Protein chains: 6
Amino acid sequence: MSVWLQDCSWRELDEQRQAAKNVVIIPVGSTEQHGNHLPLGTDTMVAMLLAEDAAKETGVVVAPPLWSGWSPHHMVLPGTITIRPEILVELLYDVIQSLHAHGFRKFIAINGHRIVNISWMQLTAERAQRQLGVKVVLFDPAYMSKELIGLLDYGPVGHSEEIETSQILYKRPELVHLEKAVDNPVVPHELYSVDPCFTGDTLCYVPSTAADQKKAVELAGGTTGSPTKSCPEKGKVYHEYLVANLVKVIRQLQK
Amino acid sequence: MSVWLQDCSWRELDEQRQAAKNVVIIPVGSTEQHGNHLPLGTDTMVAMLLAEDAAKETGVVVAPPLWSGWSPHHMVLPGTITIRPEILVELLYDVIQSLHAHGFRKFIAINGHRIVNISWMQLTAERAQRQLGVKVVLFDPAYMSKELIGLLDYGPVGHSEEIETSQILYKRPELVHLEKAVDNPVVPHELYSVDPCFTGDTLCYVPSTAADQKKAVELAGGTTGSPTKSCPEKGKVYHEYLVANLVKVIRQLQK
Amino acid sequence: MSVWLQDCSWRELDEQRQAAKNVVIIPVGSTEQHGNHLPLGTDTMVAMLLAEDAAKETGVVVAPPLWSGWSPHHMVLPGTITIRPEILVELLYDVIQSLHAHGFRKFIAINGHRIVNISWMQLTAERAQRQLGVKVVLFDPAYMSKELIGLLDYGPVGHSEEIETSQILYKRPELVHLEKAVDNPVVPHELYSVDPCFTGDTLCYVPSTAADQKKAVELAGGTTGSPTKSCPEKGKVYHEYLVANLVKVIRQLQK
Amino acid sequence: MSVWLQDCSWRELDEQRQAAKNVVIIPVGSTEQHGNHLPLGTDTMVAMLLAEDAAKETGVVVAPPLWSGWSPHHMVLPGTITIRPEILVELLYDVIQSLHAHGFRKFIAINGHRIVNISWMQLTAERAQRQLGVKVVLFDPAYMSKELIGLLDYGPVGHSEEIETSQILYKRPELVHLEKAVDNPVVPHELYSVDPCFTGDTLCYVPSTAADQKKAVELAGGTTGSPTKSCPEKGKVYHEYLVANLVKVIRQLQK
Amino acid sequence: MSVWLQDCSWRELDEQRQAAKNVVIIPVGSTEQHGNHLPLGTDTMVAMLLAEDAAKETGVVVAPPLWSGWSPHHMVLPGTITIRPEILVELLYDVIQSLHAHGFRKFIAINGHRIVNISWMQLTAERAQRQLGVKVVLFDPAYMSKELIGLLDYGPVGHSEEIETSQILYKRPELVHLEKAVDNPVVPHELYSVDPCFTGDTLCYVPSTAADQKKAVELAGGTTGSPTKSCPEKGKVYHEYLVANLVKVIRQLQK
Amino acid sequence: MSVWLQDCSWRELDEQRQAAKNVVIIPVGSTEQHGNHLPLGTDTMVAMLLAEDAAKETGVVVAPPLWSGWSPHHMVLPGTITIRPEILVELLYDVIQSLHAHGFRKFIAINGHRIVNISWMQLTAERAQRQLGVKVVLFDPAYMSKELIGLLDYGPVGHSEEIETSQILYKRPELVHLEKAVDNPVVPHELYSVDPCFTGDTLCYVPSTAADQKKAVELAGGTTGSPTKSCPEKGKVYHEYLVANLVKVIRQLQK
């Protein structure tokens, strides 16, 4: 049987909810440029793929994805869809509120878009916890693989870099044009980094300006990082590591 | 190549946009109870299936779907997700605005949720036309098959009735539990009908109250209509009729 | 005694509410160009005239009118006042909420502006029903005269056409400059019509763009239809037919 | 010819605007309890009557009235309609913006509701002046008759007191039930008064709480002041004084 | 011990609240140009200084100040910070709501910015009273010194005039550059005045336009009034008079 | 001369802006419980103290502080003031927009409230950068002292712990009641930490629920961490380290 809520009849869904001890996963992503080689929907796919695999293992339900997130900085390249964060807060809140009305009590919002979506998701999570009395956790691949990432010999988190390219190569190879990938290694800035593994003093993240993004576009078609180093094998290790962590989070919530 | 925007890289998307003469389809649906026998995501699937088939025929791009719509009246049964219409207006507006920034000029919003979503979609469409100078048309299966529907010997538009059941039976049979379908024929009301083919005097549509919905639930698991009369053959006729109309609309816009 | 709430003292109003079994009418209209020959307030007057005559017959109260509605497409000609639909939703909601606080339970919102106002009125009606537990029905002349309109040998619904011109000729002749009326017959479009009697396949209504409106202006001073065919006799038949339907709706609600 | 915008065709309106040197009056009032003896619409009628008489004298246009205002404190008695002030700000703004689009440049918003509506009208007026570059003045009878009021031997501004009762007696006697009026003289409070003529130290106005309003209701059916002293003769003096001041304001703006 | 809430630990604050019988003062001001000679924060300082002195005398707590208010008309000169009034309403509401949650029941909002802030503060005060069941009073120096102001031989309320200059000279002399002050006496307008002591007929206050403000800037660096007449002695009389009135208001609320 | 904008006249401010190369600091904090021993305004004081010292060294201006932030989780103890994050976004935006109008181009928002305020500040910063074309950086002590913190032998970031206690002991000792401090060491959670130095896999931060906060209250009066280890000497090292980093950021922006 499908793990996706939208594939179930309401009776099936209700049974799955009870079996899952009221835990549900909501995949949140983005529709934004991902270099020359990755599909625009990469971030949402990451969230969906993680959700699907962990749901199969644990029997929890997965709600329909939010296909687009907050991506103002990637509007410099075609295909990017950005939703105002104040609208996303309300949208995700309504999803949680609706599911709460049907008995769900523990929500895992998976963010495939890394640091950018986290801001508005925090606002939603807090409001839902306070107003509905539910538990909402935010699962983000970049924060949930800090212990692994060094072992894989990956560079820092960039954009369309070897980390997400490898994961998509492993799970959706038909959508990757690796031959078109261009490297554009992350240049360290003094007192600033978007990598959650960064241990130095840093200003807090603010999405890049269009001006800054244009430079990355000119250099490497929107990529920051070294996608040419990608391979499905490492993608598999990374993906399974994240699924294992996600399963652990699900089990914690089900206790 | 995929017709879905999210599957393309930004370069592929940009090429497809130009080939499609700046026409793009946005599927809008609902996540709501569909009786004992249809999946919760039926309405979004209808919009996606129509978009996909028409896009294959014409080469236009399809944006990622909006999985949930305005469904306050179906919250009486599990799995329904309802988003406030004022949020949906802003969400769809941001999708259109983003795509407009990349050169799209003609938008077809397909609504798989029939009459309920139309209200807020009209507000979005007008605003987008006025503020962005684009063209937005609203394609709804129920309004777009008025000439066919009598020929198929279907009853009036209800909910999870033979019309949508047949279409899903044709395209996604694995998600239909026809053996669980219960009939609950539409009862005519004086001066009121939700069927767009209705030719009598009528008050305008307002979504049912929870109290009224509860009655339908008790009678037939959320169904209004006669789903047991469904068959994939009629579903095919209906689906292809709608695709043909959609292709006609695309061609009009491309002129 | 006056049927208008604003003319009553609060004691009179309270007595009338009880006698009317908690039914109240709210007239909603528009202030927008109505060709060379009709007053800017035509739509609101239509709603007020219907409300007044049905209220006299049944004893229900009529709330003060909302003089302006959603008319973005008619801003091309002087005198049109358009209110954003998101504001109108809140305005009408507050009217209903206030009257609910005083014991009214059944609301008839009469829309003299035809299809354009219906979208936002549906959003209000649903919210009021759900949050306040009241009943709200939307009475629109164009939808409520579908059975009659063919018999009168009228053309399709346009703007300032023979239908509303005749009604105003019958009830407020001093405001009509029939000698200045210019005909501009409705031109059928493939797959599109704003006439609720239309039985063909159709895209859903979206208010015209300013560009499209300008054409109508140039042709006939803002008119679409054949106002020169108007006469007060047909206006009387039409008006009384609508009043009879409105009285029927009131009686239904009072049961 | 009518001074009311809604009675004009768009061509007539445009001519009147030019003749009026782009000055327009917008009557704003309230629908709220006015004791045992005055109609619920008193405040809006006051604004309309002043506008109408000054417009006849000067040839300016009067826009359709806003029938309801901000009246949270009067919700304790039936028939009161209160709109949230944040909605009223947007509503009046849209009226001004629409009229601005047709060439009006100088707006007189007449407030028949005295001190309560002024707050939100100030917010609208400032925004309109800043964003549209227009001139907006706020004309309120209580502030515009400070020099006269002592001469008439009236008590301080209350509610449904001799001031507004006399004015309605003069202009709309058929709506006044003077025989039911009950006196409830204004009791002075230390450091607080709603009378704009008050010359002592005072806290700023805040609408009464429901608890405080209930006391007035019990004492005198919602009245504060001495309506039994009312007479149409003084009402005439008061009304004509205000009309004269309004004409003066119109002439100032036309310079 | 400090009278400021922010200086207390939560335990100290709770004790002070009980001793103060749940009365709290909230200083509200502005950050706006105050001529050549006064600091940008003058209005907030006025509110803080009054609050502090009255709190010391009565033992009530003072909440942290709102440093900026509504000052659109002073944006013509550097340093002015203006917040939209609709945001200020919500901000002050949240402050009141938070303090209400901790047991405070009577709120004195002191406005150092005179007439401009009053509009939005009234909206907040009413909402807080209605929704939270608290008491909110608005204390404004200009309205609270009407009886004194004539005795001091001051001119009418202007901007950075002798009234506020003298008060700041008395309490914060190090921030006043009296040698740079330029006089620009208030010019009477027909039917308009911002002085709360004005007894003639008047239109209601609307903040000046940028165009009007520019004139004042050119004449006297942003001043309206006669600051060169300022002296700390009169400032002391004025300040102490206001503190005495404020103490009176506190005592009233504590009863 | 004062570094605070509010202490300057508009002429002084304008000169300082030019000398500072259009860089301005905006201190943002919170008003929330800080255990038995620290003042409610600790976080805002931290932001103000850092701003003040760095401004003295560099000559930049400091805008008036935002005294309260987003603190829903600390509402369990008296004195906490929490503002909705969607209001804070607009408030800070208006501050930036106003200063931008006067020529400021580079903004340093210092957050004394650590991780909680960052979410909404990111939304503001991005919007300001995009809509106004300015540069906004977010300076947070916890993220800006990651390299130092281990050297000081401090435990992880908690609440009112030895880190902020030492800083306040150094700069505002009169407000600290160290004798009342109670230790409540941070208990590690699997897959979760609020410490920016944490290097393990972690879910993203969501403010605690009231239920969770109540536990901390019962244990240690609102403290998490070991404040009894605090000393002004370490506070000095920490404070000066942050000031040095802040000066570095200012210099970067001035280039």
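Every value quoted in this text rests on a predicted model; they were computed, and no experiment measured them.

## Concerning the overall build of chain A
And step 1. When helices and strands are tallied, chain A shows eight helices and four strands.
And step 2. Listing the helices and strands of chain A from first to last along the sequence gives α-β-α-β-α-β-α-β-α-α-α-α.
And step 3. Its C-alpha atoms give chain A a radius of gyration of 18 Å, within 12% of the compact-globule value 18 Å for 255 residues.
And step 4. In chain A, which comprises 255 residues, the proportion classed as buried is 71%.
And step 5. Counting only contacts in chain A whose residues sit at least 6 apart along the sequence, the fraction spanning at least 24 positions is 80%.
And step 6. Summing over all exposed atoms, chain A offers an accessible surface of approximately 8,100 Å²; the carbon and sulfur share of this is 54%.

## Let's talk about the side chain of C:Q167
Residue and element names in this part refer to chain C.
And step 1. Assignment of secondary structure puts Q167 in helix α6 (residues 162-171).
And step 2. Engagement of the side chain of Q167 in a polar contact is seen with the side chain of H239, the distance being 3.1 Å.
And step 3. Apart from residues lying up to four places away in sequence, Q167 is in contact with V46, L50, G235, Y238, H239 and L242.

## Description of the packing of helix α4 (residues 115-132) of chain D against helix α4 (residues 115-132) of chain E
And step 1. Where α4(D) contacts α4(E), the axes come no closer than 8 Å and their chain directions differ by 130°. Looking at the two axes, α4(D) sits oblique to α4(E). At the point where α4(D) passes α4(E), the crossing takes the left-handed sense. Facing D:S119, D:Q122 and D:L123 of α4(D), the residues of α4(E) in contact are E:S119, E:Q122 and E:L123.
And step 2. Its residues assigned to classes, the contact of α4(D) with α4(E) comprises two nonpolar, four polar and no charged.

## Concerning the relation of the copies chain A and chain B
And step 1. Overlay of chain A on chain B (RMSD 0.0 Å): rotation 180°, translation along the axis 0.0 Å. The symmetry that links the two subunits is that of a two-fold axis. Using C-alpha coordinates, one finds that chain A approaches the rotation axis most closely at A:I87, a distance of 3.2 Å.
And step 2. Taken as a fraction of all interface residues of chain A, those also at the interface in chain B reach 100%, which identifies the copy contact as same-surface.

## So, helix α7 (residues 210-220) of chain B
An α-helix turns once per 3.6 residues; consequently, residues spaced three or four apart project the same way.
All names here are of chain B.
And step 1. Listed in full, the buried residues belonging to α7 are Q213, A216, V217 and A220. For α7, the angular spread of buried residues about the axis comes to 105°, placing them on one side. Facing away from the buried side of α7 by over 90 degrees, the exposed positions are K215, E218 and L219.
And step 2. Positioned one or two residues after α7, G221 has a phi angle of 65°, which is positive.

## Notes on the interface of chain A and chain B
And step 1. Across the boundary between the two partners, chain A contributes 45 residues, which contact 45 residues of chain B.
And step 2. Buried area between chain A and chain B, both sides added, is near 3,900 Å², and the carbon and sulfur share of it is 64%.
And step 3. Among the residues chain A hides against chain B, the three largest losses belong to A:W10, A:P78 and A:H102. Together they make up 17% of the total.
And step 4. For the pair chain A and chain B, the interface holds four salt bridges.
And step 5. When the shortest N-O distance is used, the salt bridge between B:R84 and A:D94 registers 2.9 Å.
And step 6. Here chain A is connected to chain B by 22 residue pairs in polar contact (both at pLDDT 80 or more).
And step 7. Among the elements of the structure, α1 (10-19) and α3 (85-101) of chain A are those that each provide at least two residues to the side of chain A that touches chain B.

## Overview of the side chain of C:T42
And step 1. Residue placement: C:T42 occurs in helix α2 (residues 42-58).
And step 2. Setting aside chain neighbours within four positions, we find C:T42 in contact with C:H34, C:E164 and C:I168.

## Digging into the relation of the copies chain F and chain E
And step 1. Between chain F and chain E, the superposition needs a rotation of 180° and an axial shift of 0.0 Å, giving an RMSD of 0.0 Å.
And step 2. Comparing interface residues between copies, 100% of those in chain F also lie at the interface in chain E; the contact surface is shared.

## Re the interface of chain F and chain E
And step 1. Taken together, the contact between chain F and chain E spans 45 residues of the former and 45 residues of the latter.
And step 2. Regarding the contact of chain F and chain E, the summed buried area is about 3,900 Å², with carbon and sulfur atoms giving 64% of it.
And step 3. Inspection of the chain F/chain E interface yields four salt bridges.
And step 4. Among the salt bridges present, the one from E:E90 reaches F:R84, with a minimum N-O distance of 2.8 Å.
And step 5. Inspection of the region where chain F meets chain E yields 22 residue pairs in polar contact (both at pLDDT 80 or more).

## Regarding the pairing of strand β4 (residues 135-139) of chain B
Residues and elements named next belong to chain B.
And step 1. Extensive coverage of β4 is indicated by the burial of four of its five residues.
And step 2. In the sheet, strand β3 (residues 106-111) pairs with β4 via five bridges, with the strands oriented parallel. The residue bridging I108 from the neighbouring strand is V137, located in β4.
And step 3. Of the crossover connections in this fold, the one passing from β3 over helix α4 (residues 115-132) to the parallel β4 is right-handed.

## Some remarks on the sheet that holds strand β3 (residues 106-111) of chain A
All names here are of chain A.
And step 1. Read across the sheet, four strands follow the order β2-β1-β3-β4 without closing on themselves; strand pairing throughout is parallel. The open sheet has two edge strands, β2 (61-62) and β4 (135-139), and neither has a second partner.
And step 2. The pairing of strand β1 (residues 23-28) with β3 spans six bridges and is parallel. Paired with V23 across the bridge in β3 is K106.
And step 3. Docked against the sheet, helix α4 (residues 115-132) engages β1, β3 and β4, running at close to 170° with respect to β4.

## Here's the deal with the packing of aromatic side chains
Two aromatic rings, taken as a pair, are described by how far apart their centres are and by the angle between their planes.
And step 1. Scanning all chains against the criterion turns up zero aromatic pairs over all chains.
And step 2. The positively charged end of D:R127 is found above the aromatic ring belonging to D:Y93, 4.8 Å away from the centroid.

## Comments concerning the pattern of salt bridges
And step 1. Considering all chains together, one arrives at 66 salt bridges over all chains under this definition.
And step 2. Taking the shortest distance from any N to any O, the salt bridge between E:R130 and E:E126 comes out at 2.7 Å. Of this pair, E:R130 and E:E126 are both found in helix α4, four residues apart, which corresponds to roughly one turn of the helix.
And step 3. The exposure class assigned to E:E126 is buried, which follows from its relative accessible area of 3%.
And step 4. F:E164 serves as the salt-bridge partner of F:R114, at 3.2 Å between the closest nitrogen and oxygen. Highlighted residues: F:R114 in the loop between β3 (106-111) and α4 (115-132) and F:E164 in helix α6 (residues 162-171), separated in sequence by 50 residues. Across the pair, F:E164 and F:R114 agree in class, each one buried.
And step 5. One continuous salt-bridge network, built from bridges that share partners, spans A:R84, B:E90, B:D94 and B:R127.

## Here's the deal with the state of the cysteines
Cysteine pairs can be covalently joined through their sulfur atoms, and such a bond is termed a disulfide.
And step 1. One pass over the structure, following the stated rule, counts zero disulfides over all chains.
And step 2. There is no disulfide at E:C197, and the cysteine sulfur nearest it, in D:C204, is 12 Å away.
And step 3. The class for E:C197 is partly exposed, based on a relative accessible area of 29%.

The rules behind each value
- Residues numbered from 1 in each chain as written.
- Chains lettered and ligands numbered in written order.
- Predicted model: local features only at pLDDT ≥ 70, side-chain atom pairs only at ≥ 80, totals over all residues.
- Heavy atoms only, no water.
- Helix = DSSP H or I, 4+ residues; strand = E, 2+ residues; numbered from the N terminus.
- Rg over C-alpha atoms; globule rule 2.2 N^0.38 Å.
- Buried < 20%, exposed > 50% of the residue type's maximum accessible area, 1.4 Å probe, protein only.
- Contact = heavy atoms within 4.5 Å.
- Areas by Shrake-Rupley, 256 points an atom, 1.4 Å probe, with all protein chains shown as cover.
- Polar contact = N/O pair within 3.5 Å; in protein donor to acceptor, adjacent residues only side chain to side chain.
- Axes fitted to C-alpha atoms, helices over the stretch in contact; angles between N-to-C directions.
- Parallel < 35°, antiparallel > 145°, perpendicular 65-115°, else oblique.
- Left-handed = near helix turned anticlockwise from the far one by under 90°.
- Nonpolar A, V, L, I, M, F, W, Y, C, P; charged D, E, K, R; others polar.
- Least-squares fit on C-alpha atoms with pLDDT ≥ 70 in both.
- Arc of directions from axis to C-beta.
- Buried area = accessible area lost by both parts, 1.4 Å probe.
- Salt bridge = Lys/Arg side-chain N within 4 Å of Asp/Glu carboxyl O.
- Pairing = 2+ DSSP bridges.
- Right-handed = clockwise from strand over helix to strand, strands pointing away.
- Phe/Tyr/Trp six-rings, centres within 6.5 Å; stacked < 30°, edge-to-face > 60°.
- Lys NZ or Arg CZ within 6 Å of the ring centre and 35° of its normal.
- Disulfide = S-S within 2.5 Å.

The values are spatial; any link to function lies outside them.
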